[in-house]
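Examining the three-dimensional arrangement
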Amino acid sequence: MEFDPTTVDGWSALNERQQKFCMAYLADGNGRAAAIAAGYSEKCAEVTASKLKHDKKVAAVLDALRRARFAQDALSLEEAQSILAGIARGRLGKFLRSGGSVDIEAIRQGGAEVDSYSRTDGDKSSSEKIKLRDPVGAVKLYAQLAGWTEKKDSQVATVGPINYFIGFKREAQ
């Protein structure tokens, strides 16, 4: 979805060059380059950018543009949970070909689970390494976002492959 700056409060109060400055400045944060892109003199671009950034109308529009852009780009709770669920369910086999080599296209298409990928080419051999993101950490963060809570009367401690249940109460049968 394309960002529409004309919907921001105060946009129409700016002249065309001020509007261009705001958009260029929002794009890369370089005031001098934004002033030049907006059509201001290259000789005075730094001073002009400083004046524009401190102009109350321009500053208000820049702030409103940042907030609007953030609101547009921000993840919803559902999107964040979906990404975390994908990380938690990530399996190495999804990114490997039948011969065991890494499928780069699979990484590009479903990269949320992949933390890093590297390839080393040597004289006689080469190796590929793929590291997935932490699924346990993803589950913990997902649980926090979902509002799941642990019961206060019991805890689970994991040491190696063994889970220890502390304070676990079993119901009488």
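First, a word on scope: everything that follows refers to the structure included in this document. Small disclaimer: the values here were computed from a predicted structure and weren't measured.

So, how was this worked out
- Residues numbered from 1 in each chain as written.
- Predicted model: local features only at pLDDT ≥ 70, side-chain atom pairs only at ≥ 80, totals over all residues.
- Heavy atoms only, no water.
- Helix = DSSP H or I, 4+ residues; strand = E, 2+ residues; numbered from the N terminus.
- Buried < 20%, exposed > 50% of the residue type's maximum accessible area, 1.4 Å probe, protein only.
- Contact = heavy atoms within 4.5 Å.
- Areas by Shrake-Rupley, 256 points an atom, 1.4 Å probe, with all protein chains shown as cover.
- Polar contact = N/O pair within 3.5 Å; in protein donor to acceptor, adjacent residues only side chain to side chain.
- Core = buried A, V, L, I, M, F, W, Y, C linked by side-chain atoms within 4.5 Å.
- Expected span 1.5 Å × (residues − 1).
- Pairing = 2+ DSSP bridges.
- Arc of directions from axis to C-beta.
- Salt bridge = Lys/Arg side-chain N within 4 Å of Asp/Glu carboxyl O.

1. Topic: the overall build of the chain
- Of the regular secondary structure elements, the chain holds seven helices and four strands.
- Helices and strands in the chain line up, N terminus first, as α-α-α-α-α-α-β-β-α-β-β.
- Within the chain, the fraction of its 173 residues that count as buried is 24%.
- Considering only contacts in the chain between residues 6 or more positions apart, those separated by 24 or more positions represent 41%.
- Accessible surface computed for the chain: about 12,800 Å², of which carbon and sulfur atoms make up 51%.

2. Structural notes on the side chain of Gln19
- With respect to the element layout, Gln19 can be found in helix H1 (residues 16-28).
- A distance of 2.9 Å separates the side chain of Gln19 from the backbone oxygen of Trp11, its partner in a polar contact.
- When sequence neighbours within four positions are dropped, the list of residues in contact with Gln19 reads Trp11, Ser12 and Leu14.

3. Side note on the nonpolar core
- Phe21, Cys22, Ala35, Val58, Val61, Leu62 and Leu65 are the most contacted members of the largest nonpolar core, which totals 21 residues.
- If you list the elements that add at least two residues to this core, you get H1, helix H2 (31-37), helix H3 (45-54) and helix H4 (56-73).
- Excluding residues that lie within four positions of it along the chain, Val61 makes contacts with Val8, Asp9, Gly10, Trp11, Leu14 and Cys22.
- Counting residues in each nonpolar core, the second largest holds six residues, with Ala106, Ile107, Val114 and Ile130 among its members.

4. A closer look at H1
- Compared with the 18 Å implied by 1.5 Å per residue over 13 residues, the 19 Å span of H1 between its first and last C-alpha is a close match.
- Looking at where H1 begins, the residue whose side-chain oxygen comes 3.0 Å from the main-chain nitrogen of Arg17 is Asn15.
- Directly beyond the C-terminal end of H1, a positive phi value near 75° is found at Gly29.

5. Structural notes on the pairing of strand S2 (residues 126-132)
- The pairing of strand S1 (residues 114-121) with S2 spans seven bridges and is antiparallel. Of the residues in S2, the one forming a bridge with Thr120 is Ser127.
- What sits between the antiparallel neighbours S1 and S2 is a turn of four residues.

6. Quick look at H3
- Considered for burial, the residues of H3 that qualify are Ala45, Thr48, Ala49 and Leu52. Summarising the axial view, the buried residues of H3 lie within an arc of 100°, below the 170-degree limit, and thus occupy one face. Residues Glu46, Val47, Lys51 and His54 are exposed on H3 and point more than 90 degrees away from its buried face.
- Elements that come into contact with the buried residues of H3 comprise H1, H2 and H4.

7. Some thoughts on the pattern of salt bridges
- What the rule picks out here adds up to ten salt bridges.
- The partner of Arg32 in a salt bridge is Glu46, and the shortest N-O contact between them spans 3.7 Å. Of this pair, Arg32 sits in helix H2 while Glu46 is found in helix H3, placing the two residues 14 residues apart along the sequence.
- Taking relative accessible area as the criterion, Glu46 reaches 57% and is therefore assigned exposed.
- A salt bridge links Lys131 to Asp115; the shortest N-O distance between them is 3.7 Å. In this pair, Lys131 is assigned in strand S2 and Asp115 in strand S1, connecting sequence segments 16 residues apart.

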